[in-house]
Amino acid sequence: ELGRIGAIAAVSLSAAGSGLGTSIAGQAAVGVWKKAYAQGRTAPFTLFTFVGAPLSQTIYGMILMFTIAGKADAGYNPFALLGVGFFAGLAIGVSAWMQGVAGAAAADSLGETGEGFTNYLSVIGIVETVAIFVMVFVIIAL
């Protein structure tokens, strides 16, 4: 039924964004590590923080999936649930994608300077907040 498709859209689009975000940040981290190894320096392990950050959006999508599926079982309008799942999943997925872009810049900056980890993590957290807002507001609206 359409309501269940909305539930699957919420988690699928969130996960797609997580995949894009981790890939982008991961590619930057690999570049930083390559440069560090080529220069005989220690490669910063902390870059994994930036790479893994977009994964949490998949969890937010999963929470919405369960919420939307429950509403579908309760007889809510299936067209509305399809729309909610699609647009919420898209918003959360884009947040994850852009978090990966910010993570890539953070990895590059930390690799060059060795400083600023807390500042970079703060920026990544702010981007994450968009996904949290979407999840919470959609649950409240449902």
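Numbering of residues starts from 1 in each chain and follows the order in which that chain's sequence is written. Per-residue local features of the predicted model are confined to residues with pLDDT of at least 70, and side-chain atom pairs are confined, for both listing and counting, to 80 or more; whole-chain, interface and lining totals are unaffected and use all residues. Heavy atoms throughout the structure, all of them, feed into the side-chain values; hydrogens and water do not.

**Things to note about the nonpolar core**
Only buried Ala, Val, Leu, Ile, Met, Phe, Trp, Tyr and Cys residues count toward a nonpolar core, and they belong to the same one when joined by side-chain atoms within 4.5 Å. The classification of residues rests on relative accessible area computed with a 1.4 Å probe and restricted to protein chains. Under 20% of the type maximum is buried, over 50% is exposed, and intermediate values are partly exposed. Residues Leu64, Ile68, Ile92 and Val138 are the most contacted members of the largest nonpolar core, which totals 17 residues. Broken down by secondary-structure element, the contributors of at least two residues to this core are helix H1 (2–38), helix H3 (56–73), helix H4 (78–113) and helix H5 (117–141). Ranked by residue count, the leading element in this core is H3, at six residues. Throughout, a contact is declared for two residues whenever any of their heavy atoms are within 4.5 Å. Among residues more than four places away in sequence, those in contact with Ile68 are Gly3, Gly6, Ala7, Ala10, Leu81, Val84, Gly85 and Leu142. Among the nonpolar cores identified, the runner-up in size contains 16 residues, and Val32, Trp33, Phe50 and Tyr120 belong to it. Counting from the N terminus, the helices are the DSSP runs of H or I reaching at least four residues and the strands are the DSSP runs of E reaching at least two.

**Concerning the side chain of Gln99**
Within the secondary structure, Gln99 sits in helix H4. Excluding residues within four positions of it along the chain, Gln99 makes contact with Ala53, Pro54, Gln57, Ile124, Val127 and Glu128.

**Description of the environment of Val51**
Positionally, Val51 belongs in helix H2 (residues 47–52). On the accessibility criterion, Val51 (16% relative accessible area) is buried. Separated by 58 residues in sequence, Val51 and Ser109 have C-alpha atoms that sit 14 Å apart. Aside from chain neighbours lying at most four places away, what touches Val51 is Thr22, Ala25, Gly26 and Ala29.

**Considerations on the environment of Ala38**
Relative to the helices and strands, Ala38 is located in helix H1. Note: C-alpha distance between Ala38 and Ala7 (31 residues apart in sequence) is 47 Å.

**Side note on a nonpolar patch on the surface**
A surface patch of nonpolar side chains, about 700 Å² in accessible area, is lined by Leu20, Phe86, Phe87, Leu90, Val94, Trp97, Met98 and Val101. Residue classification places Met98 among the partly exposed residues on the basis of a relative accessible area of 36%. To count toward a patch, a residue needs a relative accessible area over 30% and no salt bridge; like charges are then connected within 9 Å, while nonpolar side chains (Val, Leu, Ile, Met, Phe, Trp, Tyr) are connected within 5 Å. Using the Shrake-Rupley algorithm and a 1.4 Å probe, accessible areas are obtained, with residue cover drawn only from the displayed protein chains. Here, a salt bridge means any Lys or Arg side-chain nitrogen found within 4 Å of an Asp or Glu carboxyl oxygen.

**Remarks on H1**
For the α-helix, the turn length of 3.6 residues means that residues three or four positions removed from each other point alike. Along its 37 residues, H1 runs 53 Å from first to last C-alpha, staying within 8% of the 54 Å computed at 1.5 Å per residue. Among the residues trailing H1, Gly40 stands out with phi positive, at a value near 75 degrees. The span expected for a helix works out to 1.5 Å for each residue beyond the first.

**Quick word on H4**
The end-to-end C-alpha distance of H4 is 52 Å, a good match for the 52 Å that 36 residues give at a rise of 1.5 Å each. Immediately downstream of H4, the backbone of Gly114 shows phi near 75 degrees, a positive value.

**A look at the confidence of the model for the chain**
Atomic detail in the predicted coordinates should be set aside for any region of low pLDDT. The predicted model of the chain averages 97 in pLDDT, with 100% of residues at 70 or higher. Summarising per-element confidence for the chain, the mean pLDDT is lowest in H2 (96) and highest in H3 (98). pLDDT gives the predictor's per-residue confidence on a scale running from 0 to 100.

**Quick notes on the pattern of salt bridges**
One pass over the structure, following the stated rule, counts two salt bridges. Asp73 is paired through a salt bridge with Arg4; the nearest N and O atoms lie 2.6 Å apart. Taken together, the residues Asp73 in helix H3 and Arg4 in helix H1 connect sequence positions 69 residues apart. Asp73 gets classed as exposed once you look at its relative accessible area, which sits at 57%. The salt bridge involving Glu112 is made with Lys35; its shortest N-O contact spans 2.5 Å. With Glu112 in helix H4 and Lys35 in helix H1, the pair connects residues that are 77 residues apart, well separated along the chain.

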